Amino acid sequence: MTAPAPIPDTPIYAVEIETDNRDVAVLGELLSAMDLPPQALSSYENLETGRGITYVLCDTSAEEAAARAQVETLLEQWSSLLAGPVHEIRDKTIKREDWSESWKKYFHPFRASRRLVIKPSWEDFTAEPDDILLEIDPGMCFGTGSHGTTRGCLEFLDDLADEKNPDRPRSLIDAGCGSGILSMAADKLGYGPIFAFDYDPQAILVTHENFDRAGLKTVQVSEGDVHDLVPPFQADLVLANILAPILLEAKENLLQMVRPGGLVVLSGILTSQYPHIKQAFEALGAAELENRTLADWTSGLFRRPEA
């Protein structure tokens, strides 16, 4: 795997949106589906104040001004989807070294599933005998694993990786890989081969950095769109941690990524949207095996028909 070029030492121009903590995940998911200028998204929740910050991160001040104008318009349309008011929208210029340091205040080790524990590189953790540690730095992307959609995928990954089951899934596709956390977990749980992709070049950059830090060289990573990408193989298990509207638009192509009789985890779905997603995939012949709800998000495990 070729190491990516380093991120240039230039400022980050950000739209900073302050909401209640409970709206951070919803706002992040809504923004990630929008056709904004080239940028990344990031967020944190302050447990002491009860307020969180969501960032729209841009490369230039002109992109930031355009993004802010569009965000302000969209926030008016989304008011009914948020549990509380948007407290403030601010312009902010951030030094990249300050950005990387700021994560250290909000990202701490936590248990994401029965065996998987996620920790940042700058903190130590005393593991239990069966624990599997994932060390990750989120950079400028969502992807620490604390989000309900990601945790749902991690729980399914962990439970399906049962070595006592001769039919356990092995080959895996990580659709919308973000920071690469699901692929890293899958590798440690014994899945392989693994193919990961995302439409966002910043996500690909962060994924490469996390893989390099972990010494992970076996996962094939590619930039691509879930609507039309053709992966190098059909997988035993596809993880699709993508927003509900995109899942609906790309449902046929997503199921084509799964081998006949294989499994797909559909995530990134608000619980209120899940029945519609379930109905759409069942109309294509997929059978729901299980679903799990974490906070306001529901993830479902489906099996593709044999033929």
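In this report, the structure presented in the accompanying data block is examined. Source: prediction; values computed, not measured. (Residues numbered from 1 in each chain as written. Predicted model: local features only at pLDDT ≥ 70, side-chain atom pairs only at ≥ 80, totals over all residues. Heavy atoms only, no water.)

1. Focus: the pairing of strand S8 (residues 172-175)
One face of the sheet, then the other: side chains in a regular strand alternate in exactly this way.
Right, so step 1: The alternating pattern of S8 places Leu 172 and Asp 174 and Ile 173 and Ala 175 on opposite faces, both of which are buried.
Right, so step 2: What joins S8 to strand S9 (residues 194-198) is helix H5 (residues 181-188), and the crossover it makes is right-handed.
Right, so step 3: Where S8 lies against strand S11 (residues 235-241), 4 bridges are found, and the strand directions are parallel. Across the sheet, Ile 173 pairs through a bridge with Val 238, a residue of S11. (Buried < 20%, exposed > 50% of the residue type's maximum accessible area, 1.4 Å probe, protein only. Helix = DSSP H or I, 4+ residues; strand = E, 2+ residues; numbered from the N terminus. Right-handed = clockwise from strand over helix to strand, strands pointing away. Pairing = 2+ DSSP bridges.)

2. Things to note about the nonpolar core
Right, so step 1: Core analysis: the largest hydrophobic core is formed by 33 residues, its most contacted members being Leu 154, Leu 157, Leu 172, Tyr 191 and Leu 237.
Right, so step 2: At the level of elements, strand S6 (116-119), strand S7 (132-135), helix H4 (148-160), H5, S9, helix H6 (201-214), S11 and strand S12 (258-270) are the ones that each hand at least two residues to this core.
Right, so step 3: Leu 243, Val 264, Ile 277 and Ala 286 belong to the second largest nonpolar core, which has 27 residues in total. (Core = buried A, V, L, I, M, F, W, Y, C linked by side-chain atoms within 4.5 Å.)

3. Describing the sheet that holds strand S5 (residues 110-111)
The pairing of strands in a sheet comes from backbone hydrogen bonds and takes either a parallel or an antiparallel form.
Right, so step 1: Read across the open sheet, the 3 strands follow the order S5-S6-S7; overall the sheet is mixed. Every other strand in the sheet has two partners, leaving S5 and S7 as the edge strands with one partner each.
Right, so step 2: In this sheet, S7 lies alongside S6 in parallel orientation, the contact comprising 4 bridges. Following the sheet pairing, Leu 116 is matched in S7 by Ile 132.
Right, so step 3: The strands touched by H5 within the sheet are S6 and S7, with S7 carrying the most contacts at an inclination of about 150 degrees. (Contact = heavy atoms within 4.5 Å. Axes fitted to C-alpha atoms, helices over the stretch in contact; angles between N-to-C directions.)

4. As for the side chain of Asn 241
Right, so step 1: Within the secondary structure, Asn 241 is located in strand S11.
Right, so step 2: On the accessibility criterion, Asn 241 (19% relative accessible area) is buried.
Right, so step 3: Here the side chain of Asn 241 touches Thr 150 through a polar contact of 3.3 Å, side chain to side chain.
Right, so step 4: Beyond its immediate chain neighbours, meaning those up to four positions away, Asn 241 contacts Thr 149, Thr 150, Cys 153, Ala 175, Gly 176, Leu 182, Ser 267 and Gly 268. (Polar contact = N/O pair within 3.5 Å; in protein donor to acceptor, adjacent residues only side chain to side chain.)

5. So, the pattern of salt bridges
Right, so step 1: Using the criterion set out here, one finds 17 salt bridges in the structure.
Right, so step 2: Here Glu 88 ties to Arg 90 by a salt bridge, and the two come within 2.8 Å at their closest N and O atoms.
Right, so step 3: Residue classification places Arg 90 among the partly exposed residues on the basis of a relative accessible area of 21%.
Right, so step 4: Here Lys 278 ties to Glu 282 by a salt bridge, and the two come within 3.0 Å at their closest N and O atoms. Separated by 4 residues within a single helix, Lys 278 and Glu 282 lie in helix H9 (residues 274-282), roughly one turn from each other.
Right, so step 5: Relative accessible area serves as the criterion here: at 25%, Lys 278 is assigned to the partly exposed category.
Right, so step 6: Connected via shared salt-bridge partners are Glu 16, Glu 18, Arg 51, Glu 88, Arg 90 and Lys 92. (Salt bridge = Lys/Arg side-chain N within 4 Å of Asp/Glu carboxyl O.)

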